[in-house]
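# Coordinate inspection notes
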Amino acid sequence: MNTRATLANLAWLAINGSGYKRFRAALGRPRDVQESILDRYLRHNQDTAFGRTFKFSDIRSAHDYQERVPLSTYDDYRIYVQRIAGGESGVLTREPVKLLEPSSGSTSAAKWIPYTSSLQAEIRAAVAPWLFDLFLGNPDLLRGPAYWSITPALRRPGEFSSTVPIGFEQDSAYLGGAFARLAGETLAVPGSVRAIEDMEPFRRVTLLFLLKSGDLRLISVWHPTFLTLLLAPLSTLWDELLVHIERGFRMQCPSIDIPADRTRARQLSAIEPTDLSRIWPNLGLISCWGDGHAQIHLGELRSLFPRVEIQAKGLIATEAFVSLPFQQTKPLAIASHFFEFLDSDGRPHFAWDLEDGTEYSVVVTTGGGLYRYQLHDRIRVTGFLKQTPCIRFLGKEDRVSDLFGEKLSEGFVAEGIARALADVGVEPRFAMLAPETSGDSSKYLLFLEAEGKPPDNLASALETILCENPNYEYCVRVGQLAPAEVVHVREGASRRYIERLAQSGQRLGDVKPAPLSPLSGWRQVLR
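Quick look at the structure, then. (Residues numbered from 1 in each chain as written. Predicted model: local features only at pLDDT ≥ 70, side-chain atom pairs only at ≥ 80, totals over all residues. Heavy atoms only, no water.)

Turning next to the nonpolar core. Formed by 76 residues in total, the largest nonpolar core has its most connected members in Phe50, Tyr77, Phe321, Phe341 and Val362. By residue number, the principal contributor to this core is helix α6 (residues 117-137), which donates nine residues. Residues contacting Val362, with those up to four places away along its chain left out, are Leu315, Val322, Phe339, Glu340, Phe341, Tyr373, Gln374, Leu375, His376, Asp377 and Ile379. Core analysis: the second largest hydrophobic core is formed by 43 residues, Tyr147, Leu216, Trp238 and Ala265 among them. (Core = buried A, V, L, I, M, F, W, Y, C linked by side-chain atoms within 4.5 Å. Buried < 20%, exposed > 50% of the residue type's maximum accessible area, 1.4 Å probe, protein only. Helix = DSSP H or I, 4+ residues; strand = E, 2+ residues; numbered from the N terminus. Contact = heavy atoms within 4.5 Å.)

As structure tokens, this is what we get:
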């Protein structure tokens, strides 16, 4: 047992107890809680530039708010963010902006999200019940350190200047104050590793810290491929890493000092690098995305860690914390932000009047100063916990491939690929649909990495499902698109996919394998 990490975990558990109780109480009265959050936003921010523009002082109800304030996307905030970056106060929130957190998304250019103390408190209001519930169900997780996904810091675009700090120094700083300090005490890999911008040194140093942490209890990453790709070179680097553990390791820029640990080096020398259950015998849980397209990558993770519980995360974005794992389901983070949901006709609904089994698009208002902000996340209501809706992420609806009007969306493609693969009994390691144009012919290719050659009927099974989209079916029928094909790609497709997008300037932690890419040219990259 790691005493230092255990004490920090126990202290962390204690300070999160009140947040756990508040969340449990909020589950039974979503309307009261949501209206109270919205009222607080409007009262606190009525004298801001945004509040005066939309006359917050005249708004008396949630319905008034919908009528007065339009739906928004990040483009609507660029001018406001520039004013904040220039040092102007009272722009979106009365509360000072502590920093601008970069988020590149999977396809878009950089966004700069304002973070205030209120927004950090809203994130804590979701993290507290999640982790408290997790530790209650599995108290052994308290007895050692955890690895919380750390990604290299985004290289800052030179043209963006700001008087407000850009980005958190460490990932745990999202929580703020004592919460961040306690979280830092439980980390197997320190936040300073984030300052290593080059991927190969970053991977080596991360693996060194993880290998030294023989009592590792919890791993939390975003996409499951982040962990599988991190561990992939373990066998190749094994001898080198064991030498560093035995003799110690030091890096000057950034400053990284890993003391020698001969005892741990001897332990590891008796273990095969592929035997992960002996390397981390007390690992009890891996938390990662498991909804949408991420679910097809869980099989590889389970094969690497067959005795470890894998918990699917809720829906979390840089802008907002939408849902959380809690009591074997994923309720809305009802006590964190004000939520609205757009139905298939674009009509807005409040959190307290959603219907089970119905799909919606998520809209949030947060303490960071985003108002009726469209996340473009498609969700389905999967039931209720007390009176609060539980949701499942389906896919991004702002990611659409549209060569000739076929309008293939990520959510539709994700479910289509999953159905087609299930129909023919294929378990993929990587699967992505993308357009390709050669000469006068255009079509969609399913790039697939799987054990063995895919069955001949996979392409026809996929094409049948894609034709359920009438726009796609029409484009094929009139000859604008040829029928879809399957391209079997070699091992390591996820890595090559991520490398291509990371080289284009996207933040490594934001790049994850997706079911649909509107980009062409993947045949050369993946084969």
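Here Thr228 shows up in helix α9 (residues 224-231). The class for Thr228 is buried, based on a relative accessible area of 9%. Not counting the four nearest positions on each side in its chain, Thr228 is found in contact with Glu300, Leu301 and Leu304.

Our focus in this paragraph is the sheet that holds strand β9 (residues 338-342). The five strands are arranged β10-β9-β11-β12-β13 in an open sheet whose pairing can be described as antiparallel. Only two strands of the sheet have a single partner each, and these edge strands are β10 (348-350) and β13 (388-396). Taking each pair of neighbouring strands and ignoring which way they run, the sheet shows an average axis angle of 45 degrees. Against the sheet, helix α2 (residues 30-44) engages β9, β11 (359-365) and β13, with an angle of about 110 degrees to β9. The sheet contacts of helix α14 (residues 410-424) involve β12 (373-385) and β13, and relative to β13 the element is tilted by about 85 degrees. (Pairing = 2+ DSSP bridges. Axes fitted to C-alpha atoms, helices over the stretch in contact; angles between N-to-C directions.)

Turning next to unusual backbone geometry. If a residue is not glycine, its phi is most likely negative; likewise, a peptide bond is most likely trans. Within the chain, Gln328 stands out as a residue other than glycine whose phi angle is a positive 65 degrees. Positive phi values are uncommon outside glycine, yet His376 reaches one of about 60 degrees. Positionally, His376 belongs in strand β12.

Moving on, we get to helix α8 (residues 199-212). The terminal C-alpha atoms of α8 lie 20 Å apart, and with 14 residues this matches the ideal 20 Å at 1.5 Å per residue to within 8%. Taken together, the buried positions of α8 are occupied by Phe202, Arg203, Val205, Thr206, Leu207, Leu208, Phe209, Leu210 and Leu211. (Expected span 1.5 Å × (residues − 1).)

The next point concerns the environment of Met251. Inspection of the secondary structure assignment puts Met251 in strand β5 (residues 249-251). Looking at Met251, the relative accessible area reads 17%, which means it is buried. In this structure the C-alpha to C-alpha distance between Met251 and Ile391, which are 140 residues apart in sequence, comes to 44 Å. Beyond its immediate stretch of four places on either side in the chain, Met251 contacts Ile196, Pro201, Val205 and Ile256.

Another aspect to go through is the pairing of strand β8 (residues 309-312). It is a general feature of regular strands that their side chains alternate between the two faces of the sheet. Taken together, the four bridges between strand β7 (residues 285-288) and β8 define a ladder with parallel strand orientation. If you follow Leu285 over to β8, its bridge partner there is Glu309. Regarding topology, helix α13 (residues 298-304) serves as the crossover connection from β7 to the parallel β8, and that connection is right-handed. (Right-handed = clockwise from strand over helix to strand, strands pointing away.)

Under the criterion given, the structure shown has 21 aromatic pairs. Seen from their ring centres, Phe350 and Trp352 are 4.6 Å apart, and the 15 degrees between their planes marks the pair as stacked. For Phe350, a relative accessible area of 2% corresponds to the buried category. A relative accessible area of 22% means that Trp352 is categorised as partly exposed. Through a chain of ring-to-ring contacts, the aromatic side chains of Phe50, Phe54, Phe56, Tyr77, Tyr80, Tyr371 and Tyr373 assemble into a single cluster. Over the aromatic face of Tyr41 sits the side chain of Arg40, whose NZ or CZ is 5.7 Å from the ring centroid. (Phe/Tyr/Trp six-rings, centres within 6.5 Å; stacked < 30°, edge-to-face > 60°. Lys NZ or Arg CZ within 6 Å of the ring centre and 35° of its normal.)

Two numbers describe how α8 lies on α9: the axes approach to 10 Å, and their chain directions differ by 90 degrees. Considering the angle they form, α8 stands roughly perpendicular to α9. For the pair formed by α8 and α9, the contact residues are Phe202, Arg203, Thr206, Leu207 and Leu210 on the first element and Phe226, Leu229, Leu230 and Leu231 on the second. Across the contact of α8 with α9, the residue classes break down as seven nonpolar, one polar and one charged. (Parallel < 35°, antiparallel > 145°, perpendicular 65-115°, else oblique. Nonpolar A, V, L, I, M, F, W, Y, C, P; charged D, E, K, R; others polar.)

So, on to helix α1 (residues 3-26). Compared with an ideal rise of 1.5 Å per residue, which puts 24 residues at 34 Å, α1 spans 35 Å between its outermost C-alpha atoms and is within 8% of the ideal. For α1, the complete set of buried residues consists of Ala5, Thr6, Ala8, Asn9, Trp12, Leu13, Asn16, Gly17, Gly19, Tyr20, Phe23 and Ala26.

Where burial is concerned, most of strand β1 (residues 99-103) is hidden: five out of the five residues are buried. What you see with β1 is no split at all: Leu99, Glu101 and Ser103 on one side and Leu100 and Pro102 on the other are buried throughout.

Right, let's talk about the pattern of salt bridges for a bit. Following the criterion strictly, the structure yields 29 salt bridges and no others. Close ionic contact of Arg217 with Asp215 constitutes a salt bridge, the shortest N to O distance being 2.9 Å. You'll find Arg217 and Asp215 in the same group, each marked buried. We note a salt bridge from Glu485 to Lys443, for which the minimum N-O separation is 2.8 Å. With Glu485 in strand β18 (residues 482-488) and Lys443 in strand β17 (residues 441-450), this residue pair connects regions lying 42 residues apart in the sequence. Exposure remark for Lys443: the relative accessible area of 17% places this residue in the buried category. Salt bridges sharing partners connect three or more residues here, namely Glu359, Arg378, Arg380, Glu397 and Glu415. (Salt bridge = Lys/Arg side-chain N within 4 Å of Asp/Glu carboxyl O.)

Relative to the elements of secondary structure, Ser494 occurs in helix α17 (residues 493-503). The exposure class of Ser494 is buried, given its relative accessible area of 7%. The contact partners of Ser494, leaving out residues within four places of it in the chain, are Thr225, Leu229, His297, Arg429, Phe430, Glu449 and Pro513.

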